[in-house]
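Residue-level structure breakdown
Okay, here's what each chain looks like letter by letter:
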Amino acid sequence: MMAASLNIVQDQLLALFLSSDTPLTREQLAAVFAAKGDGNDWEAALQGLLVDGSGPLVLREVAGAYQLHIHPRYTPWLLRLHAQGPRRLSRAVLETLAVIAYRQPITRPEIEQWRGVSLGAQVLRQLQERGWIDVVGHRDTPGRPALWATTDAFLAYFALPALGALPDLEMVQGEKAAILSPPGNAAD
């Protein structure tokens, strides 16, 4: 494919990504370009966009699909524009989300066991309202408790291509221990 043609297809892909509220899958892109009769030129253009991170926008694979993100180097300007920032999450919400992400599918009593404290209904409700978790079934035990798991919206928000891209739990726990230990301690 000629460079000029590649640039045109990349521009078409960028227009598709900018117009979409959700990440686009390869199947969706193939359907759009097949309807247009352009064949597979879009695949080479997509690979070019994935590699090129020099502009203000970067294409990332999230939740098995692709989505445009603003390059992290522009964060200081975005923070000035959005001075209020997003609503902060409580420690209980973050801990619960982490337990669900690493141990899914998991029931509420199991989450409480991992966290070591009881879990307020508002914590799960807040995560569900954000679209980050959902009920994926019920455990076949008395009471049939709901099984919670993360969603594609969770992956998209945290720019993760899949759950396998989460940091290794042992590494995270090691960093936490290093942060929590006093300076000069043997755990350093």
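Residues numbered from 1 in each chain as written. Predicted model: local features only at pLDDT ≥ 70, side-chain atom pairs only at ≥ 80, totals over all residues. Heavy atoms only, no water.

The next thing to look at is the overall build of the protein. Check the secondary structure of the protein and you find nine helices and four strands. When the helices and strands of the protein are placed in sequence order, the string is α-α-α-β-β-α-α-α-α-β-β-α-α. For the protein, with 188 residues in total, the buried portion stands at 28%. Considering only contacts within the protein whose residues lie at least 6 apart along the sequence, 48% involve residues at least 24 apart. (Helix = DSSP H or I, 4+ residues; strand = E, 2+ residues; numbered from the N terminus. Buried < 20%, exposed > 50% of the residue type's maximum accessible area, 1.4 Å probe, protein only. Contact = heavy atoms within 4.5 Å.)

The subject of this paragraph is the pairing of strand 2 (residues 65-70). Taken across its six residues, strand 2 has five buried, putting it largely inside the fold. Pairing between strand 1 (residues 57-62) and strand 2: six bridges, direction antiparallel. Bridge assignment links E61 to a residue of strand 2, and that residue is Y66. (Pairing = 2+ DSSP bridges.)

This paragraph deals with the nonpolar core. Grouped together as the largest cluster of nonpolar side chains are 20 residues, with contacts concentrated most on I100, I111, L124, I133 and F154. Counting only elements with at least two residues in this core, the list comes to helix 5 (91-103), helix 7 (121-129) and helix 8 (152-157). Discounting chain neighbours no more than four positions away, the residues touching F154 are L97, A101, G131, W132, L160, L163 and L166. Of all hydrophobic cores here, the second largest spans 13 residues; its members include V9, L29, W42 and L59. (Core = buried A, V, L, I, M, F, W, Y, C linked by side-chain atoms within 4.5 Å.)

Moving on, we come to the packing of aromatic side chains. Following the criterion strictly, the structure yields six aromatic pairs and no others. With centroids separated by 4.7 Å and ring planes inclined at 45°, the aromatic side chains of W132 and Y157 adopt a geometry described as tilted. Note that W132 is positioned in the loop between helix 7 and strand 3 (133-138) and Y157 in helix 8, a separation of 25 residues in sequence. Judged by its relative accessible area of 3%, W132 is buried. On the basis of an interplanar angle of 55° and a centroid distance of 5.2 Å, the ring pair of F154 and F158 is categorised as tilted. You can call F158 partly exposed: its relative accessible area is 36%. (Phe/Tyr/Trp six-rings, centres within 6.5 Å; stacked < 30°, edge-to-face > 60°.)

All chains considered together, the criterion is met by six salt bridges. The salt bridge partner of E43 is R26, with a shortest N-O separation of 3.6 Å. You can see E43 sitting in helix 3 (residues 41-51) and its partner R26 sitting in helix 2 (residues 26-36), a full 17 residues away along the chain. On the basis of relative accessible area, E43 is assigned to the partly exposed category, the value being 32%. (Salt bridge = Lys/Arg side-chain N within 4 Å of Asp/Glu carboxyl O.)

Before going further, it helps to examine a nonpolar patch on the surface. On the surface, a nonpolar cluster with roughly 280 Å² of combined accessible area is contributed by L18, L57 and I70. Turning to its location among the elements, L57 is positioned in strand 1. Judged by its relative accessible area of 35%, L57 falls in the partly exposed class. (Patch = residues over 30% accessible without salt bridge, like charges linked within 9 Å, V, L, I, M, F, W, Y side chains within 5 Å. Areas by Shrake-Rupley, 256 points an atom, 1.4 Å probe, with all protein chains shown as cover.)

This brings us to the pairing of strand 4 (residues 146-150). Burial analysis of strand 4 places four of its five residues in the buried class, the great majority of the element. As judged from the five bridges shared by strand 3 and strand 4, these two strands associate in the antiparallel manner. Pairing of I133 across the sheet is with T150, part of strand 4.

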